[in-house]
Protein chains: 2
Amino acid sequence: MAEQKRPRIVIIGAGFGGVKTAQLLADLPVDITIIDRHNFHLFQPLLYQVSTAVLDTDEIAYPIRCFFRKNKNVELFMAKAEGVDRERKVVLTNHGEVPYDYLVLAAGATTNYFGMKSVEEHSYGMKTLQEALHIRNHVLHMFERANKHEDDEEVRRRMLTFVVVGGGPTGVEEAGALTELIDIEKKEFHHLDFNEVKVILLEGMGQVLPMMPPKLREETVRVLRGKGVDVRLRSQVQDYDGKVLTYKNGETGETVEIPSETVIWAAGVKAVPFIANCGGEVDRGGRIIVDEECRVGSDNCVYAIGDCANYTHGTERPLPTIAPVAMQQAAVVAENIKKVMNGQTSLEKLHYKDLGSMATIGRSKAVMAWKGMEFSGFFAWASWMFVHLIRLAGTYSNFTVTVKWIWNFLFGTRLGRIITNIKD
Amino acid sequence: MAEQKRPRIVIIGAGFGGVKTAQLLADLPVDITIIDRHNFHLFQPLLYQVSTAVLDTDEIAYPIRCFFRKNKNVELFMAKAEGVDRERKVVLTNHGEVPYDYLVLAAGATTNYFGMKSVEEHSYGMKTLQEALHIRNHVLHMFERANKHEDDEEVRRRMLTFVVVGGGPTGVEEAGALTELIDIEKKEFHHLDFNEVKVILLEGMGQVLPMMPPKLREETVRVLRGKGVDVRLRSQVQDYDGKVLTYKNGETGETVEIPSETVIWAAGVKAVPFIANCGGEVDRGGRIIVDEECRVGSDNCVYAIGDCANYTHGTERPLPTIAPVAMQQAAVVAENIKKVMNGQTSLEKLHYKDLGSMATIGRSKAVMAWKGMEFSGFFAWASWMFVHLIRLAGTYSNFTVTVKWIWNFLFGTRLGRIITNIKD
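This text gives an overview of the structure that appears in the document. (Residues numbered from 1 in each chain as written. Chains lettered and ligands numbered in written order. Predicted model: local features only at pLDDT ≥ 70, side-chain atom pairs only at ≥ 80, totals over all residues.)

**Things to note about the overall build of chain A**
Then, in step 1: Helix and strand content of chain A: 12 helices and 24 strands.
Then, in step 2: Over its C-alpha atoms chain A spans a radius of gyration of 23 Å, differing by no more than 12% from the 22 Å that the globule rule assigns to 424 residues.
Then, in step 3: In terms of its C-alpha atoms, chain A occupies a principal-axis envelope of roughly 80 × 45 × 45 Å.
Then, in step 4: Within chain A, the proportion of its 424 residues that are buried is 49%.
Then, in step 5: At a minimum sequence separation of 6, the contacts of chain A that also span at least 24 residues come to 63%. (Helix = DSSP H or I, 4+ residues; strand = E, 2+ residues; numbered from the N terminus. Rg over C-alpha atoms; globule rule 2.2 N^0.38 Å. Buried ≥ 20, exposed ≤ 12 C-beta atoms within 10 Å, placed from the backbone. Contact = placed C-beta atoms within 7 Å.)

Rendered as structure tokens:
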């Protein structure tokens, strides 16, 4: 390295991959700038618990600067990245340019509506903290509003029908958690007929949780139905105007309508759009193609990891958009940046280690596939809780989330049922 | 009471007074409807802790329906009250009319800008949960934004000057808590010059905390100044355009300007405006005049309590707008409604018991006046914490707020520093 000038590493995105990369490089003589739209790291796997009033925002959001209190060489630049000028080595943001020597794209994913504008406009996404709060506020408000429409069953039923689209972990967890929220509302809305309340889960394919073994998929549907979720497979959403959702039944070819004021869209993700402006090749999902060393276009100075990267080496499909992938890639990228800075030419490749997958369906119920073994029921649920608790950022949240889960389990309440968006 | 028809008691407002009234009447053969714009009871005394990222929303907001799980005769009607038609005995709301046999006005107070439109438009109020969240988001954002303006000291200083207007408990507590938030930001903004950060407290009178004995007022100013708050007494705000605040120095008559992007207005309250449409006489602060039995216009069926009522009997000024007044009035009103229902003609009068007053100025510092005694420092602070903890609704919050306070005390952090209103 020439002179005193310390290399400047810019990391776009403070998700699992971005934070991990910064942590692994923070002790080196480098200056690190993290660019993020938000000032917090979000624990996305528990977003559905905010949307269903189990947890509060603080518990799954952790101030980014808190991670780097002791690292004076790590800065947050709170801005929206808009692209990368590879020639001039600068990141373009809505607050000006940020120069880099090394760049790590860890910007994550956003909701994919597959071009359906009507659905995008009227349904609720499930990717940001704000969206989770919108869902919470809206769902709670639907009960309050339905409660005031004593004389109009049609309006009431439309308000009390909650549709979740997408049979991946997010959709399954959201649908399960909604039924439990409803069980609690039942105790407090003394004059509402809860036979009018419905949770419907729509999935385009013939199965839920595609990453799970077939037996666990069936178990999941069975448990969801047992909890009162109306699971409809092979159901492809076509349109939603805010009042009526239309889908096509893949078996009969029929078009079916569901009157509902609440559609939660968990049916797909794509890389955040600015990734297309970073000078690399992107796939259909907008993810930037990386080589085995996690580099973009074999550039030793530009890397991409996590949900915004397409890593397809030795696998048929790109690695899944889950935290363990991002974190393993972060380790490889940190190592490679160190090597390049030290003038080494042989870089590390990712050797992806599958840590299995899990999804929770509700109180005491989860499914888990790990090293060829399959688990469901209470043990899987306890494991799910443990894994999520230890990964949650901040000792304080580890503690309060534990207490809150135990409290909710014992007393069957959800103290987060606060509607915060009412205009004065 | 005639036939099976149960008397319908309507309570407007689920603050301290409203909830207490409902609780005291819930076991009678009556139907109670609580009308509130929100679905939660707000613990207003700790609002300043949400605005300074100490506590999260759930911890000071408690779902109203939670109080009445076991009382099937108590309903929440979530709506904005707009007036009362005393002839027809109905409350007018934005969701239609609600008929009553007995009515309790417990609708509380809102911010009083004393007709200054420019201040109302650009400053932050401190009366609702949403306002506290706006302050939190805005203050945190100011640090992030100033941090990006490396080359413009004027802009940076304007962003880092926080003005609190009003030397009552809210203003004092907010100013003290802001300095502590700044101490924590100092640890994490490694490249910001904290000499540029200022907290200014403006008070129109020559003193703060008017309800306190003179010695404690002086002590409060001394402690605030020791914490770095620039306390300016006899300073009357005249205008604020969002960038520059103008006030008149009451001693010199000079007009002083403070460039600031943050003005928090805690300088006055008035009754919520609809109180003027309830068919009773109101005072200058919009509060409805009540007799010794807390009735409006000696009507045995209409009562008013708390911040929206003017109770001046045996005192020179109306009773203060604090929780103990509302709760003592609630007990009187509940008793009187019972008596009227039973056909008794001699009603209860309020015998107000002054429980003293207290205000916290920051970590380990508070002032307290109680039964002619004066306390300041750690003992007053510990008492303040204890009193607020036991009054907080819900055992769960009692517990987590205790834990959070201890945690913050020990580790000097504020985990609520989450900016939640960034547009995608």
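**Focus on the pairing of strand S15 (residues 244-249) of chain A**
Residues and elements named next belong to chain A.
Then, in step 1: Strand direction decides the pairing type here: strand S14 (residues 235-240) and S15, joined by five bridges, are antiparallel. Directly across from glutamine 236, in S15, lies its bridge partner lysine 248.
Then, in step 2: In this structure, the hairpin formed by S14 and S15 is closed by a connection of three residues, where glycine 242 is found at a positive phi of approximately 100 degrees.
Then, in step 3: Relative to strand S16 (residues 255-259), S15 runs antiparallel, the two being bridged by five bridges. Of the residues in S16, the one forming a bridge with threonine 246 is glutamate 257. (Pairing = 2+ DSSP bridges.)

**Some remarks on the interface of chain A and chain B**
By convention, interface size is frequently given as the accessible area that disappears when the constituent parts associate.
Then, in step 1: Taken together, the contact between chain A and chain B spans 41 residues of the former and 41 residues of the latter.
Then, in step 2: Of all the secondary structure elements, the ones that give two or more residues to the side of chain A that touches chain B are helix H3 (57-60), strand S4 (61-63), helix H4 (64-67), strand S5 (74-78), helix H6 (129-148), helix H8 (169-188) and helix H12 (395-411) of chain A.
Then, in step 3: In terms of residue count, the dominant contributor to the side of chain A that touches chain B is H6(A) (six residues).
Then, in step 4: Residues that form the side of chain A that touches chain B fall into these classes: 15 nonpolar, 13 polar and 13 charged. (Nonpolar A, V, L, I, M, F, W, Y, C, P; charged D, E, K, R; others polar.)

**What to know about the relation of the copies chain A and chain B**
Then, in step 1: Least-squares fitting of chain A to chain B yields an RMSD of 0.0 Å, with the transformation described by 0.0 Å of translation along the axis and a rotation of 180 degrees. In symmetry terms, the pair is related by a two-fold rotation axis.
Then, in step 2: By residue overlap, the copies meet face to face through one surface: 98% of the interface positions of chain A are interface positions in chain B. (Least-squares fit on C-alpha atoms with pLDDT ≥ 70 in both.)

**Some points on the sheet that holds strand S12 (residues 198-202) of chain B**
All names here are of chain B.
Then, in step 1: Across the sheet, four strands lie side by side as S13-S12-S11-S17; this open sheet has parallel pairing. Here the strands that pair on one side only, and so sit at the sheet edges, are strand S13 (229-232) and strand S17 (262-265). In this sheet, adjacent strand axes meet at a mean angle of 20 degrees when their direction is disregarded.
Then, in step 2: Sheet topology places S12 next to S13; four bridges connect them, and they run parallel. Its bridge partner being in S13, isoleucine 200 is matched across the sheet by aspartate 230.
Then, in step 3: Each of S12 and S13 is contacted by helix H9 (residues 214-226), which is oriented at about 140 degrees to S13, the strand it contacts most. (Axes fitted to C-alpha atoms, helices over the stretch in contact; angles between N-to-C directions.)

**Some thoughts on unusual backbone geometry**
Residues and elements named next belong to chain A.
Then, in step 1: Positioned with a positive phi, cysteine 294 is a non-glycine residue whose angle comes to about 70 degrees.
Then, in step 2: Relative to the helices and strands, cysteine 294 resides in the loop between strand S19 (288-289) and strand S20 (302-304).
Then, in step 3: A residue is classified by how many C-beta atoms lie within 10 Å of it, and cysteine 294, with 28 of them, is buried.

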